[in-house]
2 protein chains.
Amino acid sequence: MFESAEIGHSIDKAAFDAEEPILREALLEAQYELRAQARFPVIVLINGVEGAGKGETVKLLNEWMDPRLIQVSTFDQQTDEELARPPTWRYWRQLPPKGRMGIFFGNWYSQMLHARVDKRIDDAQLDQAIDRTQNLERMLCDEGALVFKFWFHLSKQQMKDRLKALRDDPLHSWRISPLDWQQSKTYDRYIRHGERILRRTSRDYAPWYVVEGADKYYRSLMVGRILLEGLQAALALRERPVRQPHAAPLAASLDNLHLLQSLDLSQRLDKEQYQEQLISEQARLSRLLRDKRMRKHALLAVFEGNDAAGKGGAIRRVAAALDPRQYRIVPIGAPTEEERAQPYLWRFWRHIPARGHFTIFDRSWYGRVLVERVEGFCPPADWLRAYGEINDFEEQLSDAGVVLVKFWLSIDRDTQLARFQEREATPFKRFKITEDDWRNRDKWDQYSDAVGDMVDRTSTEIAPWTLVEANDKRFARVKILRTINEALEAAFARD
Amino acid sequence: MFESAEIGHSIDKAAFDAEEPILREALLEAQYELRAQARFPVIVLINGVEGAGKGETVKLLNEWMDPRLIQVSTFDQQTDEELARPPTWRYWRQLPPKGRMGIFFGNWYSQMLHARVDKRIDDAQLDQAIDRTQNLERMLCDEGALVFKFWFHLSKQQMKDRLKALRDDPLHSWRISPLDWQQSKTYDRYIRHGERILRRTSRDYAPWYVVEGADKYYRSLMVGRILLEGLQAALALRERPVRQPHAAPLAASLDNLHLLQSLDLSQRLDKEQYQEQLISEQARLSRLLRDKRMRKHALLAVFEGNDAAGKGGAIRRVAAALDPRQYRIVPIGAPTEEERAQPYLWRFWRHIPARGHFTIFDRSWYGRVLVERVEGFCPPADWLRAYGEINDFEEQLSDAGVVLVKFWLSIDRDTQLARFQEREATPFKRFKITEDDWRNRDKWDQYSDAVGDMVDRTSTEIAPWTLVEANDKRFARVKILRTINEALEAAFARD
């Protein structure tokens, strides 16, 4: 994999001087076109051997291009806010918006590679990390991002020579850290594991570019040209390439029996049972959230459901159990401008609770496979891939100790009609009912299909869906509280 | 000040039960109207004696109203990301957007009060903290925010009784922390210093409401009614009240001599001098940023100037001195939707560098008194108050160790014309010139006035303006780098 990057590529200064101004101007043009189109972000990952010119090349790119449109991010020490959340959170918060370029030093590849070289993880764990990375990159690319992955390479001898040269140069000796010297000792392991990573993560949509780093003219022109050609091609496309989904449609049941029809919506609680059970479940939740074991976890509850199924009321009964400092409610409506400039999961990542905290999503990332699917707000290819992306996302949450509970509040059509009419008749409830609600109601069957597919594809052991029979609000509220409590207790028991 | 909150106010349960549902419905209505208008945020500050029902009242408000539109924030331990920035940063990042309500527990008042009670600060320092707070609140109100400040009160005896009652109640004993008991010992000091704070910060635009906390019905209804009446009045206003600025206009010089005219724009550097000085200043900057003393500081450079004065080129020469991991460039254009929902300084606060870091603003908060003033994007009252707000803002940065350098790049009209024409003639520079640039050029004199006023009112010892003679780009670039270096060295020398 690295052979052709150890053969001593070089370019003479004259050739470089002749090409540089042309390349530079073209890169600038491409960069402004990128900003003008504002259709996709560019993500540049910088990896490779120490001393192979990673820093210098990024510096040069910033000189060649307009640095105001480039965000360079490093990921060294995690801050305590980052440590309290899933590991990927720190990358999500640094993603460049559409029209911009983000250069990631010390990204997910260096984290896993260093962990493997230092023997903090074994091969199997490295492969797990690789898998997660592939999911992330595929998602970014499917969302339109243009990803460049550079590996700056030096042979062992080249690396030693380079470090020595740097050490002996008073202007640059500060650049070498003890870590760099250490790498010259672990070089073989570094390359072996690096190759495994590159081999497994080079994909058509996000290939690796291995650049020999010994000659600065050569490596600079190589990187510049690769960026330029990639940018120009993507800018010329004009349309975001959409991966072809599987040819077969989502399977509809042959007997026309749907999951939601199997619910017994007649389940009820009388007032007395309700009061008693509600208070006892609320006290239980309050106790669990104050439990010491909660420090290792976060709690995340997702509320979805038919219009007028009682999401708001249920959320209030959950909140009523708690001190308002203990939870945060995130209502999900139309995305803001800054959110539209990012992959669709970005707006949820920004609200992921830190350990010890509880966040309630009033509607959620499932909008992608519900309203966006049914209303045609995104093409089928986009919502079809969302099931897998959501499962990946939720696995990351779960791995980080987030206890995830997801509720679909289900009512039947008659109940919905009665509630709509009641809302229209009650002054302070009128805000709750809009034209949209009536329109959605006409698409009842389509929504039922979407819910069925959603549950089939995203109800997992780590993040199961709880279908809530919500014709009776009391029954629903108690079931929701109890489900949250049981999920927390199960998580504590597993610790 | 607290006398009438110690006389044993109470309301019987029947009266409470009669009023609660009406109040509740009205609060909900007001809350939805607030969201619908989305004209201003509501900020509720919760302070007062322990055991006086602060937590319970906020909990009740969340039950009465729609908790999805309320953000409750606590400010206990600072995270390391917060510790690396000016103290106010943590409040700015939690500000509710227009249309929402934010409830701040443990806000700026509790910080300063506890500090004074624990004798970490003296009276003079308390007064300084009070001053800063007044500036902050006045700014928030001038930006349209509706601020409620509640002090929940108990007499010393009431407080002791309350703590005992809580301790003896198994359901609530967990609520009392050792800190609460401590407060019963420091009660007198707490009240004395609390009174000083309330006295000095109760203002027409943000008055204090002292609520006796002993009786839960009384305090709940009081707080609910105050909120409701304040909300209804503000919602009915329809127009943001604008403070009347001083009657006299900004003084124009009688002799028509302007600051910018006094610059000697003929200063030049020849190519050789330039190369030599540029490289030496770049090396100096690179060294300074790696200096250990930099860990206590952050560096923030603001670039403003005439169109085509060479801001971009100058920024690139500064960046060229550095590793791209050491700086971040923030280009300021039109505000995004999320930024428009906040006070105008919010979009700059979010990019304030952490200690050890360097941020370059390509245009800045001075847009308020430049383009927004000249183009009439905001009423005179708004930009007139901005001078003071900006000085307050910069003082906070400076107090936190941020080294602030501000550049106005000045060219004459002929030079600008020549550069505009050159830009139009050069393919990869055409993006740099727009209709707007030509229009701005017609307002040359108005911009000159605005720059003069800006420098007169915001060039301070802690954050001086550097006027840069920029007809010669080489001269300008070197002067800028040298100024940054000198500012850093001066800051290090003061440590």
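Quick caveat: nothing in here was measured; it's all calculated off a predicted structure.

(A) Fine view of the overall build of chain A. Scanning chain A from N- to C-terminus turns up 20 helices and 10 strands. Principal-axis analysis of the C-alpha atoms gives chain A an extent of 85 × 50 × 45 Å. Relative to its full complement of 495 residues, chain A shows a buried share of 55%. Within chain A, contacts between residues separated by at least 24 positions form 82% of all contacts whose residues are at least 6 apart in sequence.

(B) Representation of the interface of chain B and chain A. The partner chain A presents 51 residues to the 51 residues of chain B that form the contact. Summing both partners gives a buried area of about 4500 Å² for chain B against chain A, and 54% of it is carried by carbon and sulfur. When the buried surface of chain B facing chain A is broken down by residue, B:Arg68, B:Arg316 and B:Arg325 rank first, second and third, together holding 16% of it. Linking chain B to chain A there are six salt bridges. The closest approach of N and O atoms between B:Arg68 and A:Asp362, which form a salt bridge, is 2.6 Å. Taken together, the connections running from chain B to chain A amount to 26 residue pairs in polar contact (both at pLDDT 80 or more). Counting residues per element, the ones that place at least two in the side of chain B that touches chain A are helix 1 (13–37), helix 2 (54–64), strand 2 (70–73), helix 3 (80–83), helix 12 (311–319), strand 7 (327–331) and helix 13 (337–340) of chain B.

(C) Highlighting the relation of the copies chain B and chain A. Placing chain B over chain A gives an RMSD of 0.0 Å and needs a rotation angle of 180°, together with 0.1 Å of translation along the axis. What the superposition gives is, in effect, a two-fold axis relating one chain to the other. When you check the interface residues of chain B against chain A, 100% turn up at the interface there too, and the contact is symmetric in its surfaces.

(D) Local environment of the sheet that holds strand 10 (residues 465–469) of chain B. Residue and element names in this part refer to chain B. Spatial strand order, 7-8-6-9-10: five strands in an open sheet with parallel pairing. Single-partner strands in this sheet number two, and they are strand 7 and strand 10. Strand-to-strand twist across the sheet, computed as the mean angle between neighbouring axes with direction ignored, equals 20°. Bridging between strand 7 and strand 8 (residues 358–362) involves five bridges; their strand directions are parallel. Bridge pairing in strand 8 places Ile 329 opposite Ile 360. Against the sheet, helix 12 engages strand 6 (298–305), strand 7, strand 8 and strand 9 (402–410), with an angle of about 160° to strand 6.

About the cut-offs
Residues numbered from 1 in each chain as written. Chains lettered and ligands numbered in written order. Predicted model: local features only at pLDDT ≥ 70, side-chain atom pairs only at ≥ 80, totals over all residues. Heavy atoms only, no water. Helix = DSSP H or I, 4+ residues; strand = E, 2+ residues; numbered from the N terminus. Buried < 20%, exposed > 50% of the residue type's maximum accessible area, 1.4 Å probe, protein only. Contact = heavy atoms within 4.5 Å. Buried area = accessible area lost by both parts, 1.4 Å probe. Salt bridge = Lys/Arg side-chain N within 4 Å of Asp/Glu carboxyl O. Polar contact = N/O pair within 3.5 Å; in protein donor to acceptor, adjacent residues only side chain to side chain. Least-squares fit on C-alpha atoms with pLDDT ≥ 70 in both. Pairing = 2+ DSSP bridges. Axes fitted to C-alpha atoms, helices over the stretch in contact; angles between N-to-C directions.

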